[in-house]
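Here is what each chain is made of, one letter per residue.
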Amino acid sequence: LTDDERRANHIASEQRRRNAIRNGFKELTELIPTLKNIHHSKSTILFKASEYIRHLEKRNRHLRDRLGSLQ
């Protein structure tokens, strides 16, 4: 490959990487109730995502405990 071709491949590769990251953050904002319909920084999105996962884990533990007590 020529230098120009390598450079073009690198640029295209970097654009795909940035788009994948952008789409991942967009998906997180759609999945997490406290982030819907509001623009947030990436750090806020990550913080809220981890907070929501902890909430879901706690809720799942509680539901498993309730299910265990009913059996």
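Keep in mind it's a predicted model, so treat the numbers as computed, not measured.

### Examining the overall build of the protein chain
Part 1 of the reasoning: Within the protein chain one finds two helices and zero strands.
Part 2 of the reasoning: Against the globule reference of 11 Å for 71 residues, the protein chain gives a C-alpha radius of gyration of 20 Å, more extended than a compact globule.
Part 3 of the reasoning: Judged by the C-alpha coordinates and their principal axes, the protein chain covers about 70 × 30 × 15 Å.
Part 4 of the reasoning: Taking all 71 residues of the protein chain together, the buried fraction comes to 8%.
Part 5 of the reasoning: Carbon and sulfur atoms make up 54% of the accessible area of the protein chain, which amounts to about 6300 Å² in all.
Part 6 of the reasoning: One finds the centroid of the 16 positive side-chain charges in the protein chain at a distance of 8 Å from the centroid of its 9 negative side-chain charges.

### Digging into the environment of S41
Part 1 of the reasoning: Take S41: it is sitting in the loop between α1 (3-31) and α2 (42-70).
Part 2 of the reasoning: Each C-alpha atom, one on S41 and one on K58, is 26 Å from the other, the two residues being 17 residues apart in sequence.
Part 3 of the reasoning: Engagement of the side chain of S41 in a polar contact is seen with the side chain of T44, the distance being 2.9 Å.

### Topic: the layout of surface pockets
Part 1 of the reasoning: Here the largest pocket defines a volume of roughly 160 Å³.
Part 2 of the reasoning: Looking at the largest pocket, it is lined by 13 residues, and the ones nearest its centre are F25, T29, H39, H40 and I45.
Part 3 of the reasoning: When contributions to the lining of the largest pocket are tallied by element, the ones reaching two or more residues are α1 and α2.
Part 4 of the reasoning: The element best represented in the lining of the largest pocket is α1, accounting for five residues.
Part 5 of the reasoning: Classifying every residue of the lining of the largest pocket by side-chain character gives four nonpolar, four polar and five charged.

### Considering the packing of α1 against α2
Part 1 of the reasoning: Taken N-terminus to C-terminus, the directions of α1 and α2 make an angle of 50°; their axes are 10 Å apart at the nearest point. What the angle tells us is that α1 and α2 run oblique. Where α1 crosses over α2, the handedness of that crossing is left-handed. Contact with α1, carried on its side by F25, L28, T29 and L31, involves K42, I45, L46, A49 and Y52 of α2 and no other residues of that element.
Part 2 of the reasoning: Here the residues of the contact of α1 with α2 sort into seven nonpolar, one polar and one charged.

### Considerations on unusual backbone geometry
Part 1 of the reasoning: The backbone phi angle of N37 is positive, close to 65°, even though this residue is not glycine.
Part 2 of the reasoning: Within the secondary structure, N37 is located in the loop between α1 and α2.
Part 3 of the reasoning: On the basis of relative accessible area, N37 is assigned to the exposed category, the value being 82%.

What counts, and where the lines are drawn
- Residues numbered from 1 in each chain as written.
- Predicted model: local features only at pLDDT ≥ 70, side-chain atom pairs only at ≥ 80, totals over all residues.
- Heavy atoms only, no water.
- Helix = DSSP H or I, 4+ residues; strand = E, 2+ residues; numbered from the N terminus.
- Rg over C-alpha atoms; globule rule 2.2 N^0.38 Å.
- Buried < 20%, exposed > 50% of the residue type's maximum accessible area, 1.4 Å probe, protein only.
- Areas by Shrake-Rupley, 256 points an atom, 1.4 Å probe, with all protein chains shown as cover.
- Lys, Arg positive; Asp, Glu negative; His and termini not counted.
- Charge placed at Lys NZ, Arg CZ, Asp CG, Glu CD.
- Polar contact = N/O pair within 3.5 Å; in protein donor to acceptor, adjacent residues only side chain to side chain.
- 1 Å grid on protein atoms, 1.4 Å probe; cavity = no way out; pocket = protein on both sides within 12 Å on 5 of 7 lines; lining within 4 Å.
- Points joined across faces, edges and corners; volume = space filled by probe spheres on them.
- Nonpolar A, V, L, I, M, F, W, Y, C, P; charged D, E, K, R; others polar.
- Axes fitted to C-alpha atoms, helices over the stretch in contact; angles between N-to-C directions.
- Parallel < 35°, antiparallel > 145°, perpendicular 65-115°, else oblique.
- Left-handed = near helix turned anticlockwise from the far one by under 90°.
- Contact = heavy atoms within 4.5 Å.

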